[in-house]
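Working through the structure, step by step
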Amino acid sequence: MEKQVVILGDPEYHLRLYHHQGEIVLEVATLDGFVLDKWSIEQAEAVQGREVLQEGAAVGQVEWQGIVLEPFEALAVANALGALL
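Everything quoted here is computed from the prediction, not taken from an experiment.

1. With respect to the pattern of salt bridges
Taken as a whole and judged by the stated rule, the model has two salt bridges. With its nearest N and O atoms 3.2 Å apart, the salt bridge here joins Glu-27 to Arg-16. Residue Glu-27 is located in strand β3 (residues 23–30), and its partner Arg-16 is located in strand β2 (residues 13–20); the two are separated by 11 residues in the primary sequence. Each member of the pair Glu-27 and Arg-16 is classed as buried. Across the pair Lys-38 and Glu-27 runs a salt bridge, and its minimum N-O distance is 3.5 Å. Residue Lys-38 is located in strand β4 (residues 35–41), and its partner Glu-27 is located in strand β3; the two are separated by 11 residues in the primary sequence.

2. Considering the packing of aromatic side chains
Taken as a whole and assessed by the stated rule, the structure comprises zero aromatic pairs. The side chain of Arg-16 reaches across the aromatic face of Tyr-18, ending 4.0 Å from its centre.

3. A few points about helix α2 (residues 71–84)
Quick reminder: α-helices carry 3.6 residues per turn. Residues three or four places apart thus point the same way. Taking 1.5 Å of rise per residue, the 14 residues of α2 would be expected to cover 20 Å, and the 20 Å separating its terminal C-alpha atoms lies within 8% of that figure. Within the sequence span of α2, burial applies to Glu-73, Ala-74, Val-77, Ala-78, Ala-80, Leu-81 and Leu-84. Buried positions in α2, seen along its axis, are confined to an arc of 160 degrees and lie on one side of it. Opposite the buried face of α2, at more than 90 degrees from it, the exposed residues are Phe-72 and Asn-79. Contact partners of the buried residues in α2: β1 (4–10), β2, β3, α1 (43–57), β5 (62–64) and β6 (67–69).

4. So, the pairing of β2
Along β2, six of the eight residues are buried, which leaves the element largely enclosed by surrounding structure. The pairing of β1 with β2 spans six bridges and is antiparallel. Looking at the pairing, Gln-4 lines up with Tyr-18 of β2. If you look at the hairpin formed by β1 and β2, you'll find two residues sitting between the two strands.

5. Considerations on the pairing of β3
Buried residues dominate β3, accounting for seven of its eight residues. With eight bridges connecting them, β2 and β3 associate as antiparallel partners. When the sheet's bridge partners are listed, His-19 is paired in β3 with Ile-24. A loop of two residues connects β2 with β3, the two strands running antiparallel in sequence, and Gln-21 in this loop sits at a positive phi of about 50 degrees. Where β3 and β4 come together, six bridges link them in antiparallel fashion.

Calculation criteria
Residues numbered from 1 in each chain as written. Predicted model: local features only at pLDDT ≥ 70, side-chain atom pairs only at ≥ 80, totals over all residues. Heavy atoms only, no water. Salt bridge = Lys/Arg side-chain N within 4 Å of Asp/Glu carboxyl O. Helix = DSSP H or I, 4+ residues; strand = E, 2+ residues; numbered from the N terminus. Buried < 20%, exposed > 50% of the residue type's maximum accessible area, 1.4 Å probe, protein only. Phe/Tyr/Trp six-rings, centres within 6.5 Å; stacked < 30°, edge-to-face > 60°. Lys NZ or Arg CZ within 6 Å of the ring centre and 35° of its normal. Expected span 1.5 Å × (residues − 1). Arc of directions from axis to C-beta. Contact = heavy atoms within 4.5 Å. Pairing = 2+ DSSP bridges.

What follows is the structure in structure tokens.
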């Protein structure tokens, strides 16, 4: 079974992070599972992204991988990346 993390963003969508073929995949999907967008993130990029998210969340909204995240979402994604690395 693949390791995955799901983060509820708001009542209409969620973020899902999981491993696929050596990369981490980030999906934005509706709660019923319709995938709105998907990115593949290389390991090194995930490590750097985790740091950017943690630092950025301390000062406000963070834009990462083309997504604007609220501070609580940025911390949740940073923690999820940590769990997958």
